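Architecture and fold: a report
Each chain is listed here by its residues.
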Amino acid sequence: MSSATVLPTRRVEAWKYSDLSAALSNVVLPTVREGVDIIEGLSGGAKSMTVPPGAQATEIDRYGDAALDARAFSADVGQGAMLTRIVIQARSGGVPLSTVRVRLAAGATYRQFVLAEGARLARIETHVSVEGEGATVELNGVYMVGRGLHADLTSTIHHACAGGVTRQLVKGVARAGGRGVFQGRILVAPYAQKTDARQNHHALLLEDGAEVFAKPELEIHADDVQCAHGNTVGGLDAEALFYIRQRGVPESEARALLVEAFLGEAISDGLPEDLQREILDRIRAWLGATS
Amino acid sequence: MAREGIDLSTVDAVRALEAGKYTAGFTTDIEQEFAPKGLSEDTVRFISAKKDEPQWMLDWRLEAFRRWQTMEEPSWAMVRYPPIDYQDATYYAAPKNAAKYKSLDEVDPEILETYKKLGIPLREQETLLGVAGAPRIAVDAVFDSVSVLTTFKKELAQAGVIFCSISEAVREHPDLVKKYLGSVVPTTDNFFATLNSAVFSDGSFVYVPQGVRCPMELSTYFRMNAQGSGQFERTLIIVDKGGHVSYLEGCTAPMREENQLHAAVVELVALEDAEIKYSTVQNWWPGDVDGKGGVYNFVTKRGDCRGARSRISWTQVETGSAITWKYPSCILRGDDSSGEFYSIAITNGRQQADTGSKMIHLGRNTKSRIISKGISAGRAQNTYRGLVSIHGKAANARNFTQCDSLLIGDKCGAHTIPYVEARNVSAKLEHEATTTKLSEDQLFYMRQRGIPEEEAVALLVNGFVREVLQQLPMEFAVEAQKLVAVSLEGSVG
Amino acid sequence: MLSVSDLHVSVGAAEILKGLTLSVPAGEVHAIMGPNGAGKSTLSYALTGREGYEATQGAVTLEGRDLLAMTPEERAAAGLFLSFQYPLEIPGVPTMTFLKAALNAQAKARGEPELGATEILKRVRARAGELRISAEMLKRPLNVGFSGGEKKRMEILQMMVLEPRFAILDETDSGLDIDALRIVADGVNALRAPDRAMLVITHYQRLLDYIRPDKVHVLVSGRIVDTGGPELALRLEKEGYDKYLAAA
Ligand SMILES: Nc1ncnc2c1ncn2[C@@H]1O[C@H](COP(=O)(O)OP(=O)(O)OP(=O)(O)O)[C@@H](O)[C@H]1O
Ligand SMILES: [Mg+2]
């Protein structure tokens, strides 16, 4: 690669479903290198933090309407410590880009929740590496995209140490003209025995013309592990819809009810209560505004 | 009862065979004729001339060759190998004096002996693998670059079925070949398919006319023998409206120290209400335990469910090759058409496999099913890679995918990479995958009943792959089951 | 027949059996009772050679042969059978295939002639009939999707087909309905013979009404703390284990 501005194309695996170069065609770009650190390159330097052993910290990241908003963040979570991070990407016509690198020491926990309402192109990237024994990763997220909007939740979880636990649950809904993307890789290194990793992505297409692309990945190099992933994409359950309507609930309300229940499963009780409420309110607002 | 017989025969196979023995690894000593080493337009012309091809075929090849020169070898698969020197291979090798033997009596006895050793019947009264009572099977035997013999041709012709080598089809049935060759896998499709289009040597051609159920199983048996030669077979199967065929493919190669290149293309076309069942047992030489030698298997297999209600089913048992790069796919174009992919991929030693399926849903009410069982042992890497794509017009499309991986030992890897693309609101897609090792508890339970560890492992592995084995025609299931057991020998304990 | 002396068994870092001594002569049936977690299943796994159940001290012999030195399948071939407290499901392996493999492996290990497929089938069908196990159940993969009680009956079927010299029944009565309990007990009694012996682990007197044990042992905290006749079981039913636990 030369030093000129080289943006990843759809041919580049990591950006397969998010055409950044097209989205940024009318933005003046700083020089960036191709690869996973592209957002870091655009951000002009990563913000970093350390959570000392045994401590607890919460980090909240909000993305608004800026034409291009690229932010990089890195965190070291000490032994037995816990970092909770919440990303709220509000609906926008811009290009919000987020990347985070988290390193977990023994017994540490990283809990993340992403709410993505979509943008011209929204990419929320998460890279976690389990570098101490028995660390826990909880990466949940919800995306909701309507016409002209795109949201991409991409993550890699690297289990480099034994006894780690990953629980990942991402749920998404898309309406006509919206595109949702989930790409998640779980990598278990040769010595990371007894890793227990579960990854799930479930999406609902609510209208014709909606698109969901998913690429869940397991890369396993240790044998004494329990790893599984599941992925489903489909429409609302017609039977459930009928059941609720039979009880007298109007169709649009019944739909909203089902979608809310569907998305709600990804919101963990461990999040701060005010944020849980905000996330639910945003989901309800989205359902009310577009149904 | 018969199925139980198969299960038990695996156990017998484990007992009977010595560890690490690749039984198809012998070479056949016959006089052979080669193309000059290297790859150029002259090589393409040489092959075409050897096969007495018409001008249009040569032009088609040359166009593909020119295209290939502009292409880059793909690098996204999870396989590692040193760069291939395409000039360092021989692209055509054939037994001398054998454009095609007219009858069995003319075939070089050494070649006959080879197929006999491999358990492949070339005499029409023989049955595959000597299984008594097995249905008769027509065989097209491809030895390096040429088809040496096709059996049961007369009987098939009476039913209207054409079964011959592709070279013969180019000469005898040019209209069919012109119409369908490259219509599923275009010459521009990918690096290896394009290379194949330029230099393909031989392979089988099948045409089943409207409303005909092919009266017997068809099979092609590919044997790579010559040193330093690649095999580039091309298979084309067309089943006309309402027709039906079940086709089997088997492959072996001698043990060679260098790597042999194999880049095949298989195209299937199913018209309205037609059904094609395609089964493969791939047992190319996998290389020795240190990863020396072995076949590089870069294969493009694709079926086109062109007509409404057509059906294509791929079943593969992949135990051989140093490198496997292969994604048998279905284009579900016709409404209500369906595609299936059942796979067992076993890697041991230093083998690497990146294999899976693509299901492209274009028509309404199309259905697909993917069942993949990967087993990785030794220092091998085994990747499932698959695509399920639902297009906007594919209303009510359905896909179910199940990928299970089994790891035997802590030096190997198992990877699962599905790509899922949904663009229709009424579609339903489900994907599930698990990666585990053999259950210690199950092993202990079996040993408590007196079953020795190695046999217990064989039984568990068989249980793991059973769903796929059941998809194979009976005669192949027996063979495949033995292969599964043999491929994993020496990987336990 | 079976002799266990001063057996110490550790699971991981924890010592579960702490000097257990027990002897079951040929022709006898002994029962073991004891509170949850006392080490009853640990004893059955240690006897059958499950990995992770390490005998750190003591000796175990079956008809004078040192069991601890053998692999699980060698112990099975020597005639040792365990009806598991929690029988496993083995997907993809049909019950008949499994039974045939086990019978023939044991025959081979003992230097006996292997049985033909039809002979095995006959034998299994006859026993299955007695246990009210349907032909359909025999066709399914081993134990897959069976109810708790069906699994227990399948364990007994295996025992009757394999005809072991020494059988350990680990809570085989749990999960059985009233009729099944009687059927299983009949099966067990049919297997009683002067050259066989059995160890029946149970929590309930009920089973012992059908299978009259020659002796009842009380296992608490990794040791046999009391031994008596069938009347001991009746007393335990009334009084519980408090007395032993207090002493332990
Ligand atoms: N694999 C293991 N790891 C750790 N502890 C174990 C393990 N297996 C057994 N134990 C412990 O050993 C003790 C004895 O267990 P065991 O299963 O032998 O009890 P039991 O007498 O059979 O009980 P129950 O009547 O409930 O079946 C228990 O405290 C149990 O928790
Ligand atoms: Mg117990």
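**Describing the overall build of chain C**
Secondary structure summary: chain C contains 10 helices and 10 strands in total. Relative to a compact globule of 248 residues, whose C-alpha radius of gyration would be 18 Å, chain C shows 18 Å and is just as compact. For chain C, the spread of C-alpha atoms along the principal axes amounts to about 55 × 40 × 35 Å. Pairs at least 24 apart in sequence give 68% of the contacts found in chain C among residues at least 6 apart. With the model as given, the accessible surface of chain C reaches about 10300 Å², and the carbon-plus-sulfur share is 50%. Considering chain C, the positive charge centre built from 29 side chains and the negative charge centre built from 32 side chains are found 4 Å apart.

**Here's the deal with the confidence of the model for chain B**
For chain B, per-residue confidence averages 83 on the pLDDT scale, and 81% of positions sit at 70 or higher. In the model, residues 127-132 of chain B has pLDDT below 50 throughout and makes 11 contacts with residues more than four positions away in sequence or in other chains.

**Focus on the coordination of the magnesium ion (ligand 2)**
Residues and elements named next belong to chain C. The coordination sphere of the magnesium ion (ligand 2) contains the protein donors Ser41 (OG) and Gln85 (OE1), at a distance range of 2.0 to 2.1 Å. In this pair, serine 41 is assigned in helix 1 (residues 40-48) and glutamine 85 in the loop between strand 6 (80-83) and helix 3 (95-109), connecting sequence segments 44 residues apart. By the burial criterion, serine 41 is buried, and glutamine 85 matches it.

**Brief notes about the confidence of the model for chain C**
Averaged over chain C, the pLDDT score is 91; the fraction of residues at 70 or greater is 100%. Per the prediction output, this complex has pTM 0.86; the corresponding ipTM is 0.90.

**Quick word on the interface of chain C and chain B**
When the parts come together, some accessible area is lost, and that loss is often what is quoted as the size of the interface. Residue-level contacts link 36 residues of chain C with 23 residues of chain B. Surface buried jointly by chain C and chain B totals about 2600 Å² across both partners, of which 65% is contributed by carbon and sulfur atoms. The tally of links between chain C and chain B comes to 3 salt bridges. Joining chain C to chain B, the criterion identifies 12 residue pairs in polar contact (both at pLDDT 80 or more). The set of elements that each furnish at least two residues to the side of chain C that touches chain B consists of helix 1, helix 2 (72-77), strand 6, helix 3 and helix 6 (148-162) of chain C. No other element matches helix 3 of chain C, which puts 9 residues into the side of chain C that touches chain B.

**Considering the interface of chain A and chain B**
Counting residues at the interface gives 34 residues for chain A and 31 residues for chain B. Note on chain A versus chain B: buried area summed over both sides is about 2600 Å², and carbon and sulfur give 50% of it. On inspection of chain A and its partner chain B, the count reaches 2 salt bridges. A salt bridge links lysine 437 of chain B to aspartate 224 of chain A, with the nearest nitrogen and oxygen atoms 3.8 Å apart. Applying the counting rule to chain A against chain B returns 13 residue pairs in polar contact (both at pLDDT 80 or more).

**Re the site of ligand 1**
Residues and elements named next belong to chain C. Taken together, 14 residues lie around ligand 1, and Gly37, Lys40, Ser41, Thr42 and His203 are the ones closest in. Here histidine 203 contributes a side-chain N or O atom positioned 2.9 Å from an oxygen atom of ligand 1. When ligand 1 sits alone it has 640 Å² of accessible area, and the protein chains cover 60% of it. For the shell around ligand 1, the leading source of residues is helix 1, giving 3 residues. Looking at the shell around ligand 1, its residues break down into 5 nonpolar, 7 polar and 2 charged.

**Some words on helix 2 (residues 41-50) of chain B**
Residue pairs three or four apart in sequence face the same way in an α-helix, which turns once every 3.6 residues. Residues and elements named next belong to chain B. Inspection of helix 2 places Thr43, Val44, Ile47 and Ser48 among the buried residues, and these make up the whole buried set. Buried residues of helix 2, viewed axially, fall in a sector of 130°; they line one side. Projecting away from the buried face of helix 2 at angles above 90 degrees are the exposed residues Asp42 and Ala49. In this structure, the buried residues of helix 2 make contact with helix 3 (55-69) and helix 8 (191-199). Count one or two residues on from helix 2 and you reach aspartate 52, which has phi positive near 55°.

**Focus: the sheet that holds strand 1 (residues 2-11) of chain C**
All names here are of chain C. The sheet built from 4 strands is open, its strands ordered 2-1-4-5 with antiparallel pairing. Two strands bound the open sheet, and with one partner strand each, they are strand 2 (14-24) and strand 5 (65-66). Here strand 4 (residues 53-62) runs beside strand 5; their pairing, made up of 2 bridges, is antiparallel. In the strand pairing of strand 5, leucine 62 is matched with arginine 65. Helix 1 rests against strand 1, strand 2 and strand 4 of the sheet, and its axis sits at about 105° to strand 1.

**Here we look at the pattern of salt bridges**
All names here are of chain A. In the structure shown here, the tally under the stated rule is 55 salt bridges over all chains. For aspartate 152, the salt bridge goes to arginine 123, with nearest N and O atoms at 2.8 Å. Taken together, the residues span a long stretch of sequence, with aspartate 152 in strand 9 (residues 150-159) and arginine 123 in strand 7 (residues 122-130) at a distance of 29 residues. The exposure class of aspartate 152 is buried, given its relative accessible area of 0%.

**A closer look at the packing of aromatic side chains**
Summed over all chains, the structure comprises 26 aromatic pairs over all chains. When the centroid spacing of 5.6 Å and the interplanar angle of 55° are considered together, the rings of tyrosine 81 of chain B and phenylalanine 298 of chain B count as tilted. Taken together, the residues span a long stretch of sequence, with tyrosine 81 of chain B in the loop between helix 3 and strand 2 (93-95) and phenylalanine 298 of chain B in strand 13 (residues 294-305) at a distance of 217 residues. Taking 4.0 Å as the distance between ring centres and 5° as the angle between the ring planes, the aromatic pair formed by phenylalanine 192 of chain B and phenylalanine 298 of chain B counts as stacked. Highlighted residues: phenylalanine 192 of chain B in helix 8 and phenylalanine 298 of chain B in strand 13, separated in sequence by 106 residues. You'll find phenylalanine 192 of chain B and phenylalanine 298 of chain B in the same group, each marked buried. Directly above the ring of tyrosine 45 of chain C sits arginine 50 of chain C, whose terminal nitrogen or CZ lies 4.5 Å from the centroid.

**Points about the packing of helix 6 of chain C against helix 7 (residues 178-191) of chain C**
Residues and elements named next belong to chain C. Where helix 6 contacts helix 7, the axes come no closer than 10 Å and their chain directions differ by 15°. Taken together, the axis directions place helix 6 and helix 7 in an arrangement best described as roughly parallel. Considering the relative orientation of helix 6 and helix 7, their crossing is left-handed. Residues Arg153, Ile156, Met159 and Met160 of helix 6 touch helix 7, and the partners they reach there are Ala180, Val184, Gly187, Val188 and Leu191. A class-by-class count of the residues in the contact of helix 6 with helix 7 yields 7 nonpolar, 1 polar and 1 charged.

**Remarks on helix 1 of chain C**
All names here are of chain C. Counting buried positions along helix 1 gives 9 out of 9 residues, so the element sits mostly inside the fold. For helix 1, the set of buried residues is Lys40, Ser41, Thr42, Leu43, Ser44, Tyr45, Ala46, Leu47 and Thr48. Downstream of helix 1 by one or two residues, glycine 49 has phi in the positive range, about 90°.

**Section: the nonpolar core**
In terms of nonpolar packing, the biggest core is built from 105 residues, with Ile375 of chain B together with Leu2, Leu43, Leu157, Phe166 and Leu199 of chain C touching the most fellow members. Among the elements that line this core, the one with the most residues is helix 10 (residues 453-469) of chain B, at 9 residues. Excluding anything up to four places from it in sequence, leucine 43 of chain C contacts Leu7, Leu17, Leu20, Leu22, Ile32, Leu199 and Leu219 of chain C. In terms of nonpolar packing, the next biggest core, distinct from the first, is built from 59 residues, Ala116 of chain A together with Val239, Ile276 and Val420 of chain B among them.

**Section: the packing of helix 3 of chain C against helix 6 of chain C**
All names here are of chain C. Following both chains from N to C, one finds helix 3 and helix 6 inclined at 35°, their axes separated by 11 Å at the closest point. When the axes of helix 3 and helix 6 are compared, the crossing they make is right-handed. Each of Thr95, Phe98, Leu99, Ala102, Leu103 and Gln106 in helix 3 lies in contact with helix 6, whose residues at this interface are Met154, Gln158, Val161 and Leu162. Of the residues belonging to the contact of helix 3 with helix 6, the class tally is 7 nonpolar, 3 polar and no charged.

**As for the side chain of lysine 152 of chain C**
Topologically, lysine 152 of chain C is positioned in helix 6. Buried lysine 152 of chain C, no salt bridge; nearest opposite-charge side chain is glutamate 171 of chain C, N-O distance 6.0 Å.

**Observations concerning the environment of serine 129 of chain A**
All names here are of chain A. One can find serine 129 in strand 7. Not counting residues up to four positions away in its chain, the partners in contact with serine 129 are Val102, Arg103, Leu104 and His158. At 2.7 Å, the side chain of serine 129 forms a polar contact with the side chain of glutamate 131.

Each value, and the rule that gives it
- Residues numbered from 1 in each chain as written.
- Chains lettered and ligands numbered in written order.
- Predicted model: local features only at pLDDT ≥ 70, side-chain atom pairs only at ≥ 80, totals over all residues.
- Heavy atoms only, no water.
- Helix = DSSP H or I, 4+ residues; strand = E, 2+ residues; numbered from the N terminus.
- Rg over C-alpha atoms; globule rule 2.2 N^0.38 Å.
- Contact = heavy atoms within 4.5 Å.
- Areas by Shrake-Rupley, 256 points an atom, 1.4 Å probe, with all protein chains shown as cover.
- Lys, Arg positive; Asp, Glu negative; His and termini not counted.
- Charge placed at Lys NZ, Arg CZ, Asp CG, Glu CD.
- pLDDT = per-residue confidence, 0-100.
- Donors = N, O, S within 2.8 Å, 3.2 Å for Na, K, Ca; no water.
- Buried < 20%, exposed > 50% of the residue type's maximum accessible area, 1.4 Å probe, protein only.
- Buried area = accessible area lost by both parts, 1.4 Å probe.
- Salt bridge = Lys/Arg side-chain N within 4 Å of Asp/Glu carboxyl O.
- Polar contact = N/O pair within 3.5 Å; in protein donor to acceptor, adjacent residues only side chain to side chain.
- Near = heavy atom within 4 Å.
- Nonpolar A, V, L, I, M, F, W, Y, C, P; charged D, E, K, R; others polar.
- Arc of directions from axis to C-beta.
- Pairing = 2+ DSSP bridges.
- Axes fitted to C-alpha atoms, helices over the stretch in contact; angles between N-to-C directions.
- Phe/Tyr/Trp six-rings, centres within 6.5 Å; stacked < 30°, edge-to-face > 60°.
- Lys NZ or Arg CZ within 6 Å of the ring centre and 35° of its normal.
- Parallel < 35°, antiparallel > 145°, perpendicular 65-115°, else oblique.
- Left-handed = near helix turned anticlockwise from the far one by under 90°.
- Core = buried A, V, L, I, M, F, W, Y, C linked by side-chain atoms within 4.5 Å.

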